[in-house]
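Close look at the chain arrangement
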Amino acid sequence: MNKSSVFALLFILLICAWMVSGLFSSEPEEQNQTQSESQPFSVEVTVSEAQVTPVSLVVQGQTVPERLLEIKAQTAGRIEQILVSEGDSVRKGDTLLTIDMEDRLIQLEQQEALYEARKKTYKRLSQLADKQYQSESELDTALANVKASEAAIANIRSDINFVRPVAPFDGEVQSLSAESGDVVSIGDPMLELVDNSVLVVEIQIAQQRVNEVKKGLQADIKLATGEQVSGKVRFIAPYASSESRTYLAEIGIPNPDGKLKSGSSATVTLHVNEVKAHYVSPATFTLDADGRIGVKSVGSDDKVEFHQVSLLQSDNEGAWVTGLPDTVRLITTGQGFVDAGNVVTPVEKAAR
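In short, a report on the structure.

In terms of helices and strands, the protein carries three helices and 19 strands. In the protein, of all internal contacts separated by at least 6 residues, the share reaching a separation of at least 24 is 74%. Of the roughly 21900 Å² of accessible surface on the protein, 51% is carried by carbon and sulfur atoms.

Encoded structure:
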């Protein structure tokens, strides 16, 4: 046998040996692959229990006083003295300023004297009329004169009261728009009173949410000045604004000591309802084939389930959602590698 024949025979033997070794070694690999395919994928789960959670509506608003009234002159004259200063507290009935009385008392005395004279005239004519010595027209004129004097006296007395305007309610002097010596006419502004005994927060409610807000509803308010207070809804407008399509609502906050100041902005949280919800991490959210947001869980049969959820409210750490059973095993790690219907091996971790 020549050299080339020997080399050819050796080459054929080597190829046969390689094929035989590969045949025997492939069996364990196939077995390992079958075992790997049959073993369920492991996911991390946590047991979540639904909790009764308040549903809140957060809106921005501003604080206004219970009452803000501009005191205007109800009679003409020169201001003699202003008895209050800006920032002063006043009680209902306190005199705020005085206007020169001028000749009002003299006018009153004249009208009272004329009234007495006209009453006597009317009485005398009535007696004559009873005896048919006086015409009815003259008697009617005398009675009209009496009534005119009564009206004139009432007007002068009212005008006298107007020279000493008083506070119509307890409050504080917001501003002064007149000074001593000023001559005022009827309707001229003199000062402004504010009543902060109740602080009012005005908010605008969107038309989509207005039916959730009721009178007496509890509200938590954070004022821009730093205070955190509570109040109740006391008014909801029956008609929406034509410009914004929102409804004005008012929240009353008791403020008997006047510490809370009006005019600041406020963040209002209205507790409109309570529902059962789960608190979940944003990392658990996923989308199904239709693009719906939800979370994945593991059922009692260790199969993956997809639950579409609705977001109630959220913070920096998570969100409250509805749409889940009261008790559920949420997949917290590995949800991206499994689909609904897959059998998995759940590894439980402590619930949040």
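Back to the write-up after that little detour.
By the bridge criterion, three bridges tie strand 12 (residues 265–280) to strand 17 (residues 319–322) in an arrangement that is antiparallel. Note that in strand 17 the partner of Tyr279 across the bridge is Trp320. In this structure, the hairpin formed by strand 16 (residues 310–314) and strand 17 is closed by a connection of four residues.

This part covers the nonpolar core. If you look at the biggest cluster of nonpolar residues, it comprises 26 residues, and the most contacted ones within it are Ile203, Val213, Ile221, Ile251, Val268 and Leu270. Put simply, the parts of the chain that give this core at least two residues each are strand 2 (51–72), strand 8 (189–206), strand 9 (218–223), strand 10 (228–236), strand 11 (246–254) and strand 12. Discounting chain neighbours no more than four positions away, the residues touching Ile221 are Val201, Glu227, Gln228, Val229, Ser230, Gly231, Ile251, Ile253, Ala266, Thr267 and Val268.

Take the pattern of salt bridges next. Per the counting criterion, the structure on display carries 15 salt bridges. Between Glu112 and Arg157 there is a salt bridge; the shortest N-O distance is 3.0 Å. Here Glu112 is found in helix 2 (residues 104–130), whereas its partner Arg157 is found in helix 3 (residues 136–162), with 45 residues between them in sequence. Note on Arg157: relative accessible area 45%, which makes it partly exposed. Among the ionic pairs, Glu250 bridges to Arg234, the shortest N-O distance being 3.2 Å. Of this pair, Glu250 sits in strand 11 while Arg234 sits in strand 10, and the two are 16 residues apart along the sequence. Its relative accessible area of 16% is what places Glu250 among the buried residues. Among the residues examined, Arg234 registers a relative accessible area of 35% and is labelled partly exposed. Salt bridges linked by common partners bring Glu66, Arg234 and Glu250 together as one network.

Here we take up the sheet that holds strand 5 (residues 97–99). With respect to topology, three strands assemble into an open sheet ordered 5-3-7, the strand pairing being antiparallel. Here the strands that pair on one side only, and so sit at the sheet edges, are strand 5 and strand 7 (183–184). Both strand 3 (residues 77–82) and strand 5 contribute to a ladder of three bridges, which runs antiparallel. Paired with Ile82 across the bridge in strand 5 is Leu97.

Tallied over the full model, the rule gives two aromatic pairs. On the basis of an interplanar angle of 35 degrees and a centroid distance of 5.9 Å, the ring pair of Phe41 and Phe337 is categorised as tilted. In this pair, Phe41 is assigned in strand 1 (residues 41–49) and Phe337 in the loop between strand 18 (327–333) and strand 19 (344–349), connecting sequence segments 296 residues apart. Residue Phe41 is classed as partly exposed on the basis of its relative accessible area, which comes to 40%.

Examined against the element boundaries, Lys222 turns out to sit in strand 9. A relative accessible area of 48% places Lys222 in the partly exposed class. Residues Lys222 and Thr267 lie 45 residues apart in sequence; the distance between their C-alpha atoms is 5.2 Å. Setting aside its immediate chain neighbours within four residues, Lys222 contacts Glu227, Gln228, Ser265, Ala266 and Thr267.

This part takes up unusual backbone geometry. Look at Glu102: it is not a glycine, yet its phi comes out positive at around 55 degrees. Relative to the assigned elements, Glu102 resides in the loop between strand 5 and helix 2. Even without glycine at this site, Asp302 takes up a positive phi of about 65 degrees. In this structure, Asp302 sits in the loop between strand 14 (293–298) and strand 15 (304–308).

A word on the environment of Val210. Position of Val210 among the secondary structure elements: in the loop between strand 8 and strand 9. Taking C-alpha positions, Val210 is 9.7 Å from Leu248, a pair spaced 38 residues apart along the chain. Ignoring anything within four residues of it in the chain, the contact list for Val210 reads Ile205, Ile236 and Tyr247.

This brings us to the side chain of Thr75. Of note, Thr75 is situated in the loop between strand 2 and strand 3. By relative accessible area, which is 2% here, Thr75 ends up buried. Of the polar contacts made by the side chain of Thr75, one reaches the side chain of Arg104; its length is 3.0 Å. A distance of 2.4 Å separates polar atoms of two side chains, one belonging to Thr75 and the other to Asp159. Non-local contacts of Thr75, meaning those with residues more than four positions away in its chain, are made with Ile99, Arg104, Asp159, Phe162, Val163, Val184, Ser185 and Ile186.

Conventions adopted
- Residues numbered from 1 in each chain as written.
- Predicted model: local features only at pLDDT ≥ 70, side-chain atom pairs only at ≥ 80, totals over all residues.
- Heavy atoms only, no water.
- Helix = DSSP H or I, 4+ residues; strand = E, 2+ residues; numbered from the N terminus.
- Contact = heavy atoms within 4.5 Å.
- Areas by Shrake-Rupley, 256 points an atom, 1.4 Å probe, with all protein chains shown as cover.
- Pairing = 2+ DSSP bridges.
- Core = buried A, V, L, I, M, F, W, Y, C linked by side-chain atoms within 4.5 Å.
- Buried < 20%, exposed > 50% of the residue type's maximum accessible area, 1.4 Å probe, protein only.
- Salt bridge = Lys/Arg side-chain N within 4 Å of Asp/Glu carboxyl O.
- Phe/Tyr/Trp six-rings, centres within 6.5 Å; stacked < 30°, edge-to-face > 60°.
- Polar contact = N/O pair within 3.5 Å; in protein donor to acceptor, adjacent residues only side chain to side chain.

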